[in-house]
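# Overview (structure and organization)
These are the residues of each chain, in order.
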Amino acid sequence: MQIYGYQRTGFTGTLLQVQASRTSTRFTIRGLSLDKSSRLKQDLRAYYQAPLPKLSIQVPPYASLECILAPVLLVLLCMEKNLLEISNHAILLYGTIDISGTLVSPPPLQRELTQLCKEAGISLVITGENIPTVHNGISCPSIASSLSQLWRFALRHPENEIQNKETDKKQTLEEDPFYGILGLQEAKQALCYAVAGELPLLFYGPPGSGKSLLLNRTKALLPPLKGERAQEVWAIQGKHSIESPLLRLEAGMSQQKILAGTPPWISRAHGGALLVDELSNQKPKVRTTLAQLLDTHQVGDFPLHYSMVAATNGCRCANLGNPHGICRCTQAQIDQFWGLIGWPLLDRFAIALALEPEPLLAGTVEAFHVDRKAMEHVRSLQSVRKQEGVAHLFPRYSKVMAHTQRSLRRAKLCCSLAQVIADWEGKESVTQEMMEKAYSLYLLPKDRHYH
Ligand SMILES: [Zn+2]
């Protein structure tokens, strides 16, 4: 096991690698100045219950005492339990210890932290309980409790599969579009269905649940352009390419800007994907326009078929669905939040999936295999499926729905998704199970009973 600490300098940070080896002599710290290392030893004695063990510890020379204390202490405890030897995972202890022994974490720069973890092949991030859980993270009140979490983690994940893959196969995003994102298997599969069938998808959940991470991988999933679609995209973009376009709708863009130009700005997403992060921060008129465009599939004289992938928090305080943060929004406030996003738009998503920060100890670190053949197969059937319609699937839908009332639009979207699932799996017809799966992939907070 390899333990890292983290040091923030201005707007960036670095990982602090702590290396340890057993020695036959006394406890030594290498890398720091004499003065710094003797002060670190003093601090360690204050927290480490026994005499310092016979170890040689190497730390980066620029490490500050405050930032290096907690990771070194964790290394000492791990050595005691032989934990460093039995596991090859890289672990980040993101935090410092305060005077009472509590683990306290600096506010994370999410993007930077994710990048650093990816580069170092970090499998687990341990943070204090003072911040919302970060991606791939668990929060612990103290170093002692993080040690027991590490034990459980090492036992459940004996091999660092992610790191092995990186060195063995040099996986690229093209080979694994979800490279570096652990767990979230259902959400990854849902995104594949959405892209394959050009169905609008919404991820919602608290910060750190991975919704923006997944959204940003959409491009790697998009299949190459073919046939008539490629011609249309060529006409709109003015250049020949087989690469599917990707358009990002930034929060704050105006409705005029989206529709402006010839061809209109938004038509540049035709044939590819439209990413809408922070859906609740988009202008109301923009959300209305998005809803309309999902009906017309046309803007002016230009065709408009794309996979719309959107993300939003679940409530105003953003903590809805966060097991480590308390959402104090009342049911009425949550309803109001979703009402402001707008039911007409929400009703047009085929998939609405709640994401929760994945408890890694219970999750899986297996890589997710994107079935490119299935993706192409679903795509190639799209025009046939559109002609057929989904009316023949309504009886099966009614069976799944039992007696609950839903709109005709929901019926159509659920059946379309079930058809995509069947095509993805290469099955002749839609089974009851597929319909149930499709149905379960559209649940809004009001259907989930959070409170
Ligand atoms: Zn809330």
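Position numbers for residues count from 1 along each chain, tracking the sequence in the order it is written. At least 70 in pLDDT is required for a residue's local features to be given in this predicted model, at least 80 for side-chain atom pairs to be given and counted, and no such filter applies to totals for whole chains, interfaces and linings, which use all residues.

Secondary structure elements are defined from DSSP: runs of H or I of at least 4 residues count as helices, runs of E of at least 2 residues count as strands, and each element is numbered from the N terminus. Regarding its fold elements, the protein chain presents 19 helices and 16 strands. The dimensions of the protein chain, computed from C-alpha atoms along their principal axes, are 80 × 50 × 45 Å. To assign burial, the other C-beta atoms lying within 10 Å of each residue's own C-beta are counted, with C-beta atoms placed from the backbone; 20 or more indicates buried, 12 or fewer indicates exposed, and intermediate counts indicate partly exposed. Among the 451 residues that make up the protein chain, the fraction classed as buried is 41%. Working definition of a contact: two residues with C-beta atoms, positioned from the backbone, lying within 7 Å. The long-range fraction of contacts in the protein chain, counting pairs at least 24 apart against all pairs at least 6 apart in sequence, stands at 77%.

Strands are treated as partners if at least two bridges between them are detected by DSSP. Read across the open sheet, the 7 strands follow the order β3-β4-β2-β1-β5-β8-β9; overall the sheet is mixed. With partners counted over all chains shown, the strands left at the sheet margins are β3 (28-30) and β9 (137-139), one partner each. Strand-to-strand twist in this sheet, taken as the mean axis angle between neighbours without regard to direction, amounts to 25 degrees. Each of β1 (2-9), β2 (12-22), β4 (55-58) and β5 (90-94) touches helix α2 (residues 65-80); the most contacted strand, β1, lies at about 175 degrees to it. Think of each axis as a best-fit line through the C-alpha atoms, taken over the contacting stretch in the case of a helix, with angles from 0 to 180 degrees between the N-to-C directions.

All right, on to the sheet that holds strand β15 (residues 307-312) then. Read across the open sheet, the 5 strands follow the order β11-β12-β15-β10-β16; overall the sheet is parallel. Lying at the two open borders of the sheet, with one neighbouring strand each, are β11 (246-248) and β16 (351-354). Strand-to-strand twist of the sheet, defined as the mean angle between neighbouring strand axes without regard to direction, takes the value 15 degrees. One ladder, built from 3 bridges, connects β11 with strand β12 (residues 273-276); its direction is parallel.

All the domain ranges listed were derived from an automatic or database domain assignment. Per the domain assignment, the segments making up the protein chain are domain 1 (2-162), domain 2 (185-354) and domain 3 (372-448). A separation of 39 Å is found between the C-alpha centroids of domain 1 and domain 2. The interface of domain 1 with domain 2 comprises 5 residues on the first partner and 8 residues on the second. Here the side of domain 1 that touches domain 2 is composed, by residue class, of 2 nonpolar, 3 polar and no charged. For this classification, the nonpolar set comprises Ala, Val, Leu, Ile, Met, Phe, Trp, Tyr, Cys and Pro, the charged set comprises Asp, Glu, Lys and Arg, and every other residue, Gly included, is treated as polar.

This part is about the packing of α2 against helix α5 (residues 143-156). Viewed as axis vectors pointing N to C, α2 and α5 meet at an angle of 55 degrees, and their least axial separation amounts to 10 Å. Comparing their axes, α5 and α2 come out oblique. Crossing handedness for the pair α2 and α5: right-handed. Touching Ala70, Leu73, Leu74, Leu77 and Cys78 of α2 are Ile143, Ser146, Leu147 and Leu150, all from α5. Here the word oblique covers every angle except those under 35 degrees (roughly parallel), over 145 (roughly antiparallel) and from 65 to 115 (roughly perpendicular). Left-handed describes a crossing whose near helix is turned anticlockwise from the far helix through less than a right angle; right-handed describes the clockwise counterpart.

What follows is about the nonpolar core. For our purposes the nonpolar core covers buried Ala, Val, Leu, Ile, Met, Phe, Trp, Tyr and Cys residues that link as a set through C-beta atoms within 7 Å. Ranked by internal contacts, the top residues of the largest apolar core, which has 67 residues, are Leu201, Ile351, Leu417 and Ala418. In terms of residue count, the dominant contributor to this core is helix α17 (residues 408-424) (9 residues). For this core, the two domains that each supply at least three residues are domain 2 (185-354) and domain 3 (372-448). Apart from residues lying up to four places away in sequence, leucine 417 is in contact with Tyr193, Gly197, Leu199, Ala350, Ile351, Ala438 and Leu441.

Here we take up the environment of asparagine 281. Relative to the helices and strands, asparagine 281 is located in the loop between β12 and α12 (284-296). The exposure class assigned to asparagine 281 is exposed, which follows from the 12 C-beta atoms found within 10 Å.

The next subject is the packing of helix α7 (residues 185-197) against helix α15 (residues 372-388). The contact between α7 and α15 brings their axes to 8 Å, and the two run at 35 degrees. For the crossing formed where α7 meets α15, the hand is right-handed. Seen from α7, the contacting residues are Cys192, Ala196 and Gly197; seen from α15, they are Met375, Val378, Arg379 and Gln382. For the contact of α7 with α15, the class distribution of residues is 4 nonpolar, 2 polar and 1 charged.

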